[in-house]
Amino acid sequence: QYSPDSVAGADGELDPTEVTFPGCSCRSSSCTLPECPCLCRGHNYSSLCLRLPEQQEQQPFSKPVFECNSLCCCGEGCQNRLVQRGLQLRLQVFRTQRKGWGVRTLQHIPRGTFVCEYAGEVLGFAEAQRRSQAQTPQEPNYILAVREHLYDGRVMETFVDPTHVGNVGRFLNHSCEPNLFMVPVRVDSMVPKLALFAATDIAAGEELSYDYSGRFHNLPAASREQKPLEEENSLRKPCYCGSRTCASFLPWDSSLFSTP
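Quick caveat: nothing in here was measured; it's all calculated off a predicted structure.

Novice: Sorry, what's going on with the overall build of the chain here?
Specialist: Each helix and strand counted, the chain has two helices and twelve strands in total. Along the chain, helices and strands appear, N-terminal first, in the series β-α-β-β-β-β-β-α-β-β-β-β-β-β. Across the 260 residues that make up the chain, the buried fraction comes to 44%. A separation of at least 24 residues holds for 68% of the contacts in the chain among residues at least 6 apart in sequence. For the chain, the exposed surface amounts to about 13700 Å²; the carbon and sulfur share of it is 52%.

Listed below in structure tokens is the structure:
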């Protein structure tokens, strides 16, 4: 089932459409700092919220990104409403030679442009783990686990499964040298939209990809990717990205497959 936005999973643990953030009282057509409380919560699109990898040495950690929401008084044209507008580009799902389905752009995409959301069912950990363990090695594993590391050492986890409900993002392939990177963006609640942005200028006809491990846009210590045990290698899938730094296998995180 196609859905442009994420939906509550079958476990009913999280509802990404629930509005829990207060709205701003800005009366202008577009919010500005320092008046807008939404912009004051974290980074905004005119600042360094879309930090590219080479900028991480100056600022290794980023603030969260909050857009204006349905309770805000600003207009629909507000500059702080971007990801919530959804897909605005011409993309095409196509059959690749070795990687199954993929996505390419039919138009030029400038660096820093919002491309699409990775949408699906938002699950709690228990249901995400149950679904992962129920899969066979031959089945495609679409469940994406995003971990945000807080300043006090806590980790916020978001699990999105587009197996049954999802959008074009589910067809994006992994690359060890991708042209997209992911940013969790919050609109109505603490459940983030997993937004993909262009890491470089992308030419029309080029395949779109991102690093499934998050390694491309994060410090190495932020990744929970592990060197798998020998018996776990049978669960790993080969990587066919063809980049110079290809790791040969798709990223591996065994947390959803482990048992207490």
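Novice: Looking at this model, I keep getting lost on the environment of S255. Mind explaining?
Specialist: Along the chain, S255 turns up in the segment after β12 (207-210). You can call S255 buried: its relative accessible area is 16%. Ignoring any residue separated from it by four or fewer positions in sequence, one finds S255 in contact with F125, Q129 and R147.

Novice: I would appreciate a short explanation of the sheet that holds strand β3 (residues 91-95) in the present structure.
Specialist: Strand pairs in the sheet, formed through backbone hydrogen bonds, run parallel or antiparallel to each other. In spatial order, the strands read β3-β4-β12-β9; together these four strands make up an open sheet with mixed pairing. The open sheet is flanked by β3 and β9 (173-174), the only strands paired with a single partner. Of the strand pairs in this sheet, β9 and β12 are connected by two bridges, and their pairing is parallel. Residue pairing across strands places N173 opposite S209, the latter belonging to β12.

Novice: Help me out: how do you make sense of the pattern of salt bridges in this one?
Specialist: Pairing between side chains of opposite charge can happen when their charged atoms approach one another. Scanning the entire structure with this criterion turns up eleven salt bridges. Note that R130 and E127 form a salt bridge whose closest N and O atoms lie 2.8 Å from each other. You can see R130 and its partner E127 sitting in helix α2 (residues 125-134), three residues apart, about one turn around the helix. Take R130: its relative accessible area is 49%, and that puts it in the partly exposed class. The exposure class of E127 is buried, given its relative accessible area of 14%. The partner of E127 in a salt bridge is R131, with the nearest N and O atoms 2.8 Å apart. Within this pair, E127 and its partner R131 are both found in helix α2, separated by four residues, close to a single helical turn. In terms of burial, E127 and R131 fall into one category: buried. Several salt bridges converge on common partners, so that one network encompasses E121, E127, R130, R131 and D161.

Novice: Which parts of the structure should I look at to understand the sheet that holds strand β2 (residues 65-66)?
Specialist: Overall, mixed pairing links the four strands, which are arranged β2-β10-β11-β5 in an open sheet. Every other strand in the sheet has two partners, leaving β2 and β5 (114-117) as the edge strands with one partner each. Pairing geometry for β5 and strand β11 (residues 193-198), over three bridges, is antiparallel. Bridging from a neighbouring strand, C116 pairs with L196 of β11.

Novice: Explanation requested: the nonpolar core in the structure shown.
Specialist: Most often, soluble globular proteins keep nonpolar side chains buried together rather than apart. Ranked by size, the top nonpolar core spans 22 residues in total, and within it V115 and L208 carry the most contacts. The leading source of residues in this core is β11, at three residues.

Novice: Can you walk me through the pairing of β11 in this structure?
Specialist: A regular strand places its side chains on the two faces of the sheet in alternate fashion. Of all six residues that make up β11, six are buried, and the element is covered over most of its length. Burial along β11 is two-sided: the residues K193, A195 and F197 and L194, L196 and A198 are all buried. Here strand β10 (residues 180-186) runs beside β11; their pairing, made up of six bridges, is antiparallel. Each bridged residue has a counterpart across the sheet, and for M182 the counterpart in β11 is L196. Between β10 and β11, which pair antiparallel in sequence order, lie six residues.

About the thresholds
Residues numbered from 1 in each chain as written. Predicted model: local features only at pLDDT ≥ 70, side-chain atom pairs only at ≥ 80, totals over all residues. Heavy atoms only, no water. Helix = DSSP H or I, 4+ residues; strand = E, 2+ residues; numbered from the N terminus. Buried < 20%, exposed > 50% of the residue type's maximum accessible area, 1.4 Å probe, protein only. Contact = heavy atoms within 4.5 Å. Areas by Shrake-Rupley, 256 points an atom, 1.4 Å probe, with all protein chains shown as cover. Pairing = 2+ DSSP bridges. Salt bridge = Lys/Arg side-chain N within 4 Å of Asp/Glu carboxyl O. Core = buried A, V, L, I, M, F, W, Y, C linked by side-chain atoms within 4.5 Å.

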